[in-house]
Each structure stands twice: as structure tokens, then as C-alpha cells.
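Chain residues, written in single-letter form:
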Amino acid sequence: MGEDAESPKINHTFLRDYVTEADVISTVEFNQTGDLLATGDKGGRVVIFQRETESKGESDESGEAGDSGEYNVYSTFQSHEPDFDYLKSLEIEEKINKIRWLPQQNAAHFLLSTNDKTIKLWKVSERDKRPEGYNLKDEEGRLKDISTITSLQVPVLKPTDLMVEVRPRRVFANGHTYHVNSISVNSDGETYLSADDLRINMWHLGISDRSFNIVDIKPVNMEDLTEVITAAEFHPHHCHLFVYSSSKGTLRLCDMRASALCDRHTKLFEEPEDPGSRSFLLRDHLLCVGRQVQSQWALPAD
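The rules behind each value
Residues numbered from 1 in each chain as written. Predicted model: local features only at pLDDT ≥ 70, side-chain atom pairs only at ≥ 80, totals over all residues. Heavy atoms only, no water. Helix = DSSP H or I, 4+ residues; strand = E, 2+ residues; numbered from the N terminus. Buried < 20%, exposed > 50% of the residue type's maximum accessible area, 1.4 Å probe, protein only. Contact = heavy atoms within 4.5 Å. Areas by Shrake-Rupley, 256 points an atom, 1.4 Å probe, with all protein chains shown as cover. Pairing = 2+ DSSP bridges. Axes fitted to C-alpha atoms, helices over the stretch in contact; angles between N-to-C directions. Patch = residues over 30% accessible without salt bridge, like charges linked within 9 Å, V, L, I, M, F, W, Y side chains within 5 Å. Salt bridge = Lys/Arg side-chain N within 4 Å of Asp/Glu carboxyl O. Phe/Tyr/Trp six-rings, centres within 6.5 Å; stacked < 30°, edge-to-face > 60°.

Peer 1: Looking at this structure, I do not really get the overall build of the protein. What am I missing?
Peer 2: Within the protein one finds 3 helices and 18 strands. Within the protein, the fraction of its 302 residues that count as buried is 32%. Within the protein, contacts between residues separated by at least 24 positions form 49% of all contacts whose residues are at least 6 apart in sequence. Total accessible area on the protein is roughly 19400 Å²; 52% of this is exposed by carbon and sulfur atoms.

Spelled out as C-alpha cells, the structure:
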């Protein structure tokens with residue numbers, strides 16, 4: 001009885017001594033097959049776990065089909081670093097807000113990660129072979145003297161220890177004035193959207209220096225602000241459809257075939273408000289947020 005009462009104290013002591021604020025996980029995302037699980041934390045790190053598969057003999061003995069529920073660390077890398085916007089005197093945290101896997105098209109995997117301001121595209125690949133026998137380099141990788149080369153040889157691939165390489169492919173920055181809260185990859189495999197409190201942008205995966213604004217709910221006067229965007233997501237199969245939610249609890253379905261700027265939704269999903277239970281707390285909160293955002297960012301009147 002005494003041991004049971006003391007065990008929670010031991011757990012809290014362990015968490016206090018070994019787990020820091022940067023280690024707190026802020027987002028998780030499976031890839032399409034479920035074999036890889038990516039987690040992002042408040043320290044800007046991304047940890048990828050890989051599902052372990054049982055051998056045929058072990059699966060026969062257990063009577064289960066070959067996949068175990070265990071995930072081991074596959075790769076770890078630093079995705080974002082803390083930054084400071086000197087023009088606006090604003091600290092930008094390294095915390096990972098969202099991770100999205102791209103559909104796999106070859107042996108490599110691609111994923112998007114974002115903090116409050118910057119979205120990055122990462123390539124995750126394996127290497128278990130090493131080329132050897134270069135004509136212009138020696139075994140240590142140094143360039144040879146061309147005058148000493150008397151014959152040509154064909155490089156060969158030799159087995160080596162498995163290495164997981166993670167490389168940044170593109171950085172999508174300066175696309176949002178407010179904090180990015182969600183990203184979603186389109187089913188066409190070429191575009192994705194990113195959403196902040198008041199705007200939704202569409203990006204092409206091959207173009208990092210510009211995006212197209214498809215939703216803008218920012219009022220002319222921030223005093224008239226009544227809601228903010230909380231999340232946005234593409235349809236899993238139809239590349240022209242996406243939905244976004246707001247702080248008022250509504251969902252808006254938009255069709256990009258109808259208009260390039262989707263401020264007018266195609267369909268609205270909401271729960272009718274009961275006039276008897278109407279509260280002004282949300283409106284007062286939004287007005288306060290609007291004033292803070294306007295003063296903090298020194299927003300223009302567009």
C-alpha cells in the first residue's frame with residue numbers, strides 16, 4: 001500500500017529531472033502505409049519511428065500476421081531553429097506545429113514540417129551501398145594527378161552499413177503574416193495548402209519563393225473580427241476540394257473550380273446558435289486578440 005502511494009512521486013521526479021519543455025511532443029503523423037511515424041516536439045526536432053516486422057517463424061507461433069506493434073527510432077533530425085524577426089521585434093519559436101507526409105513515389109520518403117512561420121520539405125532516404133573505383137579520386141576521396149591515370153575503370157557498388165539520410169530540399173518562408181496552424185498535401189502530389197489565423201495559401205512543391213492566396217477572412221477593420229481559421233484540409237481524392245474550420249465551430253467546404261479566391265464557400269456546416277444561450281465572451285476575446293495582433297504586427301490596412 002505504501003509503495004503504491006509513493007510510485008506517482010517517483011514518476012513525477014523522473015519527469016522533472018529528465019524531461020524538459022523542448023522534449024514535449026507537439027504533433028504526430030503516420031505515413032500512408034503506417035510503417036513510419038513522425039513526431040515533432042517543442043524543441044524543433046523531428047523523430048521518425050519505423051514499425052518492426054516479425055519473422056515468419058515468430059508470426060506462425062503467435063498466430064498473427066507478420067506486423068508487430070513496436071516502433072523503433074528510425075531517424076532524428078533538427079527541423080527548425082529559434083529565430084527572431086528584427087523588423088517586428090518578434091521571437092519565432094522552433095516548435096513544430098504540423099508534419100505531413102507526401103505520397104511515396106520511389107524508394108525515398110518526403111515530408112513537410114512547419115513551425116509558426118517557415119515550412120520545410122525534407123527527403124528521407126536509405127543508403128546501404130557505396131560506390132568505389134572512381135577514376136579521378138583515390139580510396140580516401142582525394143583527387144588524383146591526371147598524369148598518373150593510365151587506364152579507365154568502371155565504378156562498382158559495394159554493400160555497406162545501412163545509413164538513413166535526411167536532407168532539406170526546399171524552404172517555404174515569408175508566406176504568412178500570422179502563425180501557421182495547419183498544412184495539407186493535395187491528392188495531385190504537386191501542391192499543398194498552409195493556413196494561419198486569417199489566410200490560406202496554396203503552394204507548389206517545386207516553387208518556394210511564392211504562393212497563391214485562396215482564402216482571406218481578414219476584415220478591413222480588425223475591430224470587426226469575429227472568427228479565426230483553426231485548421232484546413234484537402235479532400236483525400238478530389239484535388240479541387242478543401243475544407244477549413246473556424247473558431248465559431250463552423251466548417252466551410254470550398255471548390256476551387258468555382259473561383260480562384262474561395263472567400264465564398266460552396267457549403268457550410270454549422271450548428272444553429274440558440275439565441276437564449278448567446279454569449280459575448282467569444283466576441284470580446286476576438287476583439288482583444290485582434291487589437292493585440294494589429295499592434296504587434298503593425299499590420300497595413302489591406
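Following the structure, the description resumes.
Peer 1: It is not clear to me how the sheet that holds strand S11 (residues 182-185) should be interpreted in this structure. Could you clarify?
Peer 2: Backbone-to-backbone hydrogen bonds join strands into a sheet, with any given pair of strands oriented parallel or antiparallel. The 4 strands lie next to each other as S11-S12-S13-S14, forming an open sheet whose pairing is antiparallel. Every interior strand has two partners, whereas the edge strands, S11 and strand S14 (207-216), have only one. Strand-to-strand twist of the sheet, defined as the mean angle between neighbouring strand axes without regard to direction, takes the value 25 degrees. Where strand S13 (residues 199-204) and S14 come together, 5 bridges link them in antiparallel fashion. For Ile200, the partnering residue across the bridge sits in S14 and is Val215.

Peer 1: Please explain a nonpolar patch on the surface as it appears in this structure.
Peer 2: A cluster of nonpolar side chains, Leu136, Leu143 and Ile146, forms an exposed patch at the surface whose accessible area comes to about 360 Å². Here Ile146 lies in the loop between strand S9 (119-132) and strand S10 (156-172). Of the residues examined, Ile146 reaches a relative accessible area of 64% and is grouped as exposed.

Peer 1: Is there a simple way to explain unusual backbone geometry in this structure?
Peer 2: Of note, the phi angle at Asn174 is positive, near 60 degrees, even though the residue is not glycine. With respect to the helices, strands and loops of the structure, Asn174 is situated in the loop between S10 and S11.

Peer 1: Sorry if this is basic, but what is going on with the pattern of salt bridges here?
Peer 2: Between side chains of opposite charge, a pair can form as their charged atoms come close. Within the structure shown, the criterion is met by 12 salt bridges. Between Arg45 and Asp23 there is a salt bridge, with its nearest N and O atoms 2.7 Å apart. Taken together, the residues Arg45 in strand S3 (residues 45-53) and Asp23 in the loop between helix H1 (2-18) and strand S1 (25-30) connect sequence positions 22 residues apart. By relative accessible area, which is 24% here, Arg45 ends up partly exposed. Where Arg167 meets Glu165, a salt bridge forms, and the shortest distance between an N and an O atom there is 3.5 Å. Arg167 gets classed as partly exposed once you look at its relative accessible area, which sits at 48%. What makes Glu165 buried here is its relative accessible area of 17%. Beyond isolated ion pairs, a larger network of salt bridges with shared partners links Asp23, Asp41 and Arg45.

Peer 1: Which parts of the structure should I look at to understand the packing of aromatic side chains?
Peer 2: Scanning all chains against the criterion turns up 6 aromatic pairs. Ring geometry for Tyr192 versus Trp203: centroids 6.2 Å apart, planes at 5 degrees, classification stacked. Remark: Trp203 occurs in strand S13 and Tyr192 occurs in strand S12 (residues 191-195); sequence separation between them is 11 residues. Summarising the burial analysis for this pair, Tyr192 and Trp203 share the class buried. Ring pairing ties together the aromatic residues Phe172, Tyr192 and Trp203, which thus form one cluster.

Peer 1: Just checking my understanding: could you explain the environment of Ala38 for this structure?
Peer 2: With respect to the secondary-structure elements, Ala38 resides in strand S2 (residues 36-41). A residue is classified by how much of its surface remains accessible, and Ala38, at 0% relative accessible area, is buried. It is 9.5 Å that separates the C-alpha atoms of Ala38 and Thr76, two residues lying 38 residues apart in sequence. Filtering out sequence-adjacent residues up to four positions away, Ala38 remains in contact with Thr27, Val28, Glu29, Val46, Val47, Ile48, Ile99 and Trp101.

Peer 1: Whenever I open this one, the sheet that holds strand S18 (residues 267-269) confuses me. Can you help?
Peer 2: Overall, antiparallel pairing links the 4 strands, which are arranged S15-S16-S17-S18 in an open sheet. Taken across any chain shown, the strands that pair with only one partner, and hence form the sheet edges, are strand S15 (229-234) and S18. Sheet twist, expressed as the mean angle between neighbouring strand axes with direction ignored, is 20 degrees. Here S15 pairs with strand S16 (residues 241-246) via 5 bridges, running antiparallel. Its bridge partner being in S16, Ala231 is matched across the sheet by Ser245.

Read these as layout, nothing more, since geometry by itself doesn't imply function.
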